[in-house]
Amino acid sequence: MQLSEVIARTRQYFTQVTGVAGPIVMSDVNKDVFEKRFRQENIAVESPGVEKWLKNMTYDKKGLIHLFSWSGLIDANMLLSDLFKVPNLNTGQMEPLISALTREEEEMFKNMMRRLHSIFQYAMERDVRVMVDAEQTYFQPAISRLTMEMMKKYNQDKAIVFNTYQCYLKETFNNLSLDLEQAYRQNFYFGAKLVRGAYMEQERARALELEYEDPVNPDFEATTEMYHNCLKECLRRIKFNKSLGETQRIAIMVASHNEDTVRYTVRKMAEFGIHPLDRVICFGQLLGMCDHISLPLGQAGFSVYKYVPYGPVNEVLPYLSRRASENSSILVKLQKEKNLLGKELLRRIMKGQVLYRPQGNYIPVGAVPK
Ligand SMILES: Cc1cc2nc3c(=O)[nH]c(=O)nc-3n(C[C@H](O)[C@H](O)[C@H](O)COP(=O)(O)OP(=O)(O)OC[C@H]3O[C@@H](n4cnc5c(N)ncnc54)[C@H](O)[C@@H]3O)c2cc1C
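Below, the structure is looked at part by part. All of these numbers come straight from a predicted model, not from anything done at the bench.

1. Details of the overall build of the protein
So, step 1. A count of helices and strands for the protein gives 14 helices and ten strands.
So, step 2. Residues classed as buried in the protein amount to 27% of the 370 residues present.
So, step 3. Here the contacts in the protein between residues at least 6 apart in sequence split such that 68% fall between residues at least 24 apart.

2. Focus: the environment of serine 177
So, step 1. Relative to the helices and strands, serine 177 is located in helix 7 (residues 172-186).
So, step 2. For the pair serine 177 and glutamate 233, spaced 56 residues apart in sequence, the C-alpha separation works out to 7.6 Å.

3. Some details on the packing of helix 1 (residues 2-18) against helix 6 (residues 140-154)
So, step 1. Where helix 1 meets helix 6, the axes come as close as 7 Å, and the angle between the chain directions of the two elements is 85 degrees. With respect to helix 6, the element helix 1 is oriented roughly perpendicular. On helix 6, the residues touching Leu3, Ser4 and Ile7 of helix 1 are Pro141, Ala142 and Arg145.
So, step 2. Considering only residue class, the contact of helix 1 with helix 6 consists of four nonpolar, one polar and one charged.

4. Brief notes about the packing of helix 9 (residues 220-243) against helix 10 (residues 259-271)
When two helices pack together, you describe them by how their axes are tilted relative to each other and by the distance separating the axes.
So, step 1. Contact pair helix 9 / helix 10: the axes reach a minimum separation of 11 Å and the direction vectors enclose 25 degrees. The angle between helix 9 and helix 10 falls in the class roughly parallel. Note on packing geometry: the crossing formed by helix 9 with helix 10 is right-handed. Of helix 10, the residues touching helix 9 (which contributes Tyr227, His228, Leu231, Lys232 and Leu235) are Thr261, Tyr264, Thr265, Lys268 and Met269.
So, step 2. Class assignment of the residues belonging to the contact of helix 9 with helix 10 gives a composition of five nonpolar, three polar and two charged.

5. What about the nonpolar core?
So, step 1. Counting residues in each nonpolar core, the largest one holds 50 residues, and the members touching the most others are Leu194, Cys230, Ile252 and Val254.
So, step 2. Here this core takes seven residues from helix 9, the largest share from any one element.
So, step 3. Setting aside its immediate chain neighbours within four residues, isoleucine 252 contacts Ala192, Leu194, Cys234, Val280 and Ile281.
So, step 4. Judged by nonpolar contacts, the second largest core, of six residues, contains Val6, Val50, Trp53 and Phe84.

Parameters at a glance
- Residues numbered from 1 in each chain as written.
- Predicted model: local features only at pLDDT ≥ 70, side-chain atom pairs only at ≥ 80, totals over all residues.
- Helix = DSSP H or I, 4+ residues; strand = E, 2+ residues; numbered from the N terminus.
- Buried ≥ 20, exposed ≤ 12 C-beta atoms within 10 Å, placed from the backbone.
- Contact = placed C-beta atoms within 7 Å.
- Axes fitted to C-alpha atoms, helices over the stretch in contact; angles between N-to-C directions.
- Parallel < 35°, antiparallel > 145°, perpendicular 65-115°, else oblique.
- Nonpolar A, V, L, I, M, F, W, Y, C, P; charged D, E, K, R; others polar.
- Left-handed = near helix turned anticlockwise from the far one by under 90°.
- Core = buried A, V, L, I, M, F, W, Y, C linked by C-beta atoms within 7 Å.

Pasting the structure below:
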């Protein structure tokens with residue numbers, strides 16, 4: 001949570017110094033603007049602390065990308081309290097944006113980073129994709145920031161690390177666009193899982209209790225519109241990459257049990273000239289749910305993944321019961337699925353294909369098709 005707080009404070013600090021509101025990566029501001037403002041405030045720009053801070057900013061010819069060198073964040077040996085210091089406009093001193101973490105908290109953070117590196121390193125060696133789930137908004141900025149830095153490190157040759165975007169949030173289109181832009185400007189492969197979002201009630205209850213604006217879209221239709229806009233933005237960029245012969249730069253999982261969303265995606269892929277065999281769009285459903293969506297997609301040549309919840313029973317059961325209650329509308333459709341299964345069974349008996357196993361040359365999403 002403290003890391004998410006740093007991200008919010010970094011944006012405030014950026015606006016305080018430059019007077020520019022809005023995302024840093026789109027701001028067209030370079031580091032001279034900071035130097036000028038510091039001089040106006042009589043801050044010693046040549047002092048080692050400030051000079052080093054200015055040198056460590058991340059930028060390209062279009063301007064700033066980040067205020068900090070966030071790659072320091074994924075360096076398991078860097079102390080968080082050292083990383084997030086900025087020149088204070090009033091005192092001129094380098095001061096931390098977050099209150100100092102205890103030694104134990106710093107240690108926990110380092111351990112988490114070591115574990116993440118082990119997972120991504122192993123996944124890269126085995127050529128397996130890792131999807132990082134999205135959680136509640138009070139953790140998510142930190143999860144997302146860390147995931148983007150991991151993408152930068154591990155997605156140099158293909159999309160191994162995937163971030164998750166929850167389309168029930170009002171901010172999601174902006175966040176996704178900024179991350180796509182970062183990947184483009186810093187030249188790494190981008191992986192994303194698009195979901196509607198699982199914590200709507202919790203988000204709304206917390207916003208009400210702590211009296212801040214509800215971060216969730218006002219209704220289901222607005223969430224669907226957000227989903228469509230996010231998907232179209234990805235498809236637009238994939239089409240552009242394809243025109244440059246770099247189709248695989250972006251890989252997307254459409255993680256939804258909604259038939260209309262799946263149909264919409266298939267239709268839009270055709271409109272944007274993106275073929276299932278380009279292996280840049282895949283679909284994801286939970287194991288045991290919506291096989292009537294997954295199976296025809298697979299048979300039509302699309303990549304489909306079935307999510308298998310795995311872990312200690314006491315952790316997996318609450319997860320599954322959340323999914324079951326979210327998907328209660330699916331239970332209504334159960335009769336439809338049963339009818340479809342009956343029809344398929346009959347078809348196989350009639351055609352002598354009881355043990356029929358469709359052959360497919362499986363190619364994972366984001367991999368270069370041969
Ligand atoms: C493979 C897979 C991976 C997933 N990973 C994640 C993850 O990392 N993080 C996560 O948060 N969720 C995750 N989910 C769950 C997902 O976010 C949805 O909760 C779930 O899939 C239901 O959405 P749907 O599109 O499948 O179905 P639908 O029934 O079409 O959509 C239901 C969803 O619509 C939204 N909604 C409903 N009513 C309203 C309303 N009044 N206002 C605004 N929005 C509304 C909510 O998000 C609700 O969950 C994952 C789901 C799948 C299948």
